[in-house]
Amino acid sequence: MAYYSVPAIRRLQLGRELKAWREKAGLTLEQAGGDLDISKSTLSRMEKGQGAIHPLHARAMAELYRLPEDDLVRVVDIAREAKRPNQNRIEGVSVNSYPALEAEAVSVRNFEVATVPGLLQTEDYAAAFFAESGTRERNRNLNVRMHRAKRLHTEEPLQLHTIIDEVALRRRIAKPSALVAQMLHIVELSELDNVRVQVVSAAAGVHPGLRGAFSVLRFPEDTITDLGYVDHAGGHLQLVKQTQVAELIRQFRKLSRMALGESESRDLVFALANEMSA
C-alpha cells in the first residue's frame, strides 16, 4: 500500500482561502478555470481540499485573483507546506479521510453511541469489530486504527475528550475476555493527562447523543477552524460551516453535563470489567 503524507489541513486551508479570494475577485469556477487552463471540476476539487495544488498553480491563482503581495507569498508557502511529508502519516489512508485529519488535529471531542471510541480500542476489540470485512480490508482497517491510537502517547499528544454511551460499552462485540481487556484499557487510558473519558449512564434515558456519533476536531491556530465529522450509513459528512460546528459543540457540552464525571466514569468502566469477568 502507498503512503499518503500530504497534510490534509493545509490542503483544506489553501482551498478555502483560494475560494474566498476567487469569489472576492468576482470570478466563477468556470471563468477562473478557463483562465488557469484547468477544468471547473478540477478547480472545485482543489477548493475543497480534495486535490493537490502545486505551488506554481497557487501562485497563478493568487495572481489571477490579484492578491496583495504579502498574501500571495503566504498562499504559496501554504502550498509548499501541503506537499511536505507528515510525521503522522498512516499507510493506506486517503489524504482527506478522517484518520488523516485526526493525525493533524491538536484536540478531538468525540461522542460514541454504539461502540468504544476508535482511539481507545484494543487490537482484539477492533479485530472483532472488523471481523465481517474481507481479510485485506480488515487488516488495513486494523492497522489504521492501531496507528491512530499512537497519537495519545507522542511527545505532543493528541488531547482527547470522549463521551461514551454506557450501552456501547456493554455491547458484546468481542468475546468476554477481550471485552474485559477493553474495559481495563479504557481505565488505563483515562488516567493519562491528555485523555478525558466520560460515560453517559444507561439510567440517563433519552439524551441528545441518541441521534448519532460525532466528532469535533481542532487544529493548530495558524491553519483552519474547528471541523465537525459525522459518520452515517452512506459514508460521512465533514461539517465546515461554523453554525454547524457550533451546534455540535453545544450538543457535546450538554452531553458532558449529563454524563458521569471522570472519576465516576472510570469506576463504572472498571465495574463493567469485573461484571464481564464473572
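A quick note: this is a predicted structure, and the numbers were derived from the prediction, not measured.

Peer 1: Requested: an account of the nonpolar core, with residues and values cited.
Peer 2: Ranked by size, the top nonpolar core spans 39 residues in total, and within it Leu 101, Leu 120, Leu 169 and Met 183 carry the most contacts. Contributions of two or more residues to this core are made by helix 1 (8–24), helix 6 (98–102), strand 4 (159–165), helix 9 (166–170), helix 10 (176–189), strand 5 (195–200), strand 7 (227–232) and helix 12 (262–277). If you tally residues by element for this core, the top one is helix 10, at seven residues. The residues touching Leu 169, leaving out its near neighbours within four places in the chain, are Val 116, Ile 164, Met 183, Ile 186, Val 199, Leu 268, Val 269, Leu 272 and Met 276. Trp 21, Ile 53, Tyr 65 and Ala 79 belong to the second-largest nonpolar core, a separate cluster that totals 21 residues.

Peer 1: For the confidence of the model for the protein, give the residues involved together with the corresponding values.
Peer 2: Averaged over all residues, the pLDDT of the protein equals 88, while 93% of them reach at least 70. Ignoring residues within four places in sequence, the model shows residues 1–6, a span with pLDDT below 50, making 23 contacts including any to other chains.

Peer 1: Run through unusual backbone geometry, naming residues and quoting values.
Peer 2: Leave glycine aside and you will find that most residues have negative phi; peptide bonds, for their part, are mostly trans. In this structure, Asp 37 is a non-glycine residue whose phi angle is positive, near 65°. Relative to the helices and strands, Asp 37 is located in the loop between helix 2 (29–36) and helix 3 (40–47). By relative accessible area, Asp 37 is classed as exposed at 71%. One non-glycine residue, Arg 66, adopts positive backbone phi at about 60°. The topology assignment puts Arg 66 in the loop between helix 4 (55–64) and helix 5 (69–81).

Peer 1: Got a sec to walk through the sheet that holds strand 5? Specific residues and values, please.
Peer 2: The mixed open sheet is built from six strands, whose spatial order is 5-4-3-6-7-8. Each edge of the open sheet is held by one strand with a lone partner, namely strand 5 and strand 8 (235–239). Looking at each pair of strands side by side, their axes are set apart by 15° on average, direction ignored. Two elements, strand 4 and strand 5, share six bridges in a ladder whose sense is parallel. Note that in strand 5 the partner of Thr 162 across the bridge is Val 197.

Peer 1: Lay out the packing of aromatic side chains with the relevant residues and their values.
Peer 2: Applying the stated criterion across every chain, the model contains four aromatic pairs. Between Phe 129 and Phe 130, the aromatic rings sit 5.2 Å apart at their centres with planes inclined by 75°, giving edge-to-face as the arrangement. For Phe 129, a relative accessible area of 37% corresponds to the partly exposed category. Phe 130 sits in the buried class, given a relative accessible area of 9%. Pairwise contacts between aromatic rings join Phe 111, Phe 214 and Phe 252 into one cluster.

Peer 1: Tell me what's going on with the pattern of salt bridges, and back it up with residues and numbers.
Peer 2: Under the definition given, this model contains eleven salt bridges. In this structure, Glu 247 and Arg 250 form a salt bridge, with 3.0 Å as the shortest nitrogen-oxygen distance. One end of the pair is Glu 247 and the other is Arg 250, both in helix 11 (residues 242–258) and three residues apart, which spans about a single turn. Among the residues examined, Glu 247 registers a relative accessible area of 34% and is labelled partly exposed. For Arg 250, a relative accessible area of 45% translates into the label partly exposed.

Peer 1: Could you give me a rundown of the environment of Val 75, with the residues and numbers involved?
Peer 2: Counting through the fold element by element, Val 75 comes out in helix 5. Under the relative-accessibility criterion, Val 75 is labelled buried at 0%. Residues in contact with Val 75, not counting those within four places in the same chain, are Leu 14, Glu 17, Leu 18, Ala 58 and Leu 67.

Peer 1: Let's hear about the packing of helix 2 against helix 4: which residues, and what values?
Peer 2: In contact at an axis separation of 11 Å, helix 2 and helix 4 are set at 120° when each is read in the N-to-C sense. Looking at the two axes, helix 2 sits oblique to helix 4. Seen from above, helix 2 lies across helix 4 with right-handed handedness. Contact residues: helix 2 offers Ala 32, Asp 35 and Leu 36, while helix 4 offers Ala 60, Met 61 and Leu 64. Partitioned by chemical class, the residues of the contact of helix 2 with helix 4 number five nonpolar, no polar and one charged.

The rules behind each value
Residues numbered from 1 in each chain as written. Predicted model: local features only at pLDDT ≥ 70, side-chain atom pairs only at ≥ 80, totals over all residues. Heavy atoms only, no water. Core = buried A, V, L, I, M, F, W, Y, C linked by side-chain atoms within 4.5 Å. Buried < 20%, exposed > 50% of the residue type's maximum accessible area, 1.4 Å probe, protein only. Helix = DSSP H or I, 4+ residues; strand = E, 2+ residues; numbered from the N terminus. Contact = heavy atoms within 4.5 Å. pLDDT = per-residue confidence, 0-100. Pairing = 2+ DSSP bridges. Axes fitted to C-alpha atoms, helices over the stretch in contact; angles between N-to-C directions. Phe/Tyr/Trp six-rings, centres within 6.5 Å; stacked < 30°, edge-to-face > 60°. Salt bridge = Lys/Arg side-chain N within 4 Å of Asp/Glu carboxyl O. Parallel < 35°, antiparallel > 145°, perpendicular 65-115°, else oblique. Left-handed = near helix turned anticlockwise from the far one by under 90°. Nonpolar A, V, L, I, M, F, W, Y, C, P; charged D, E, K, R; others polar.

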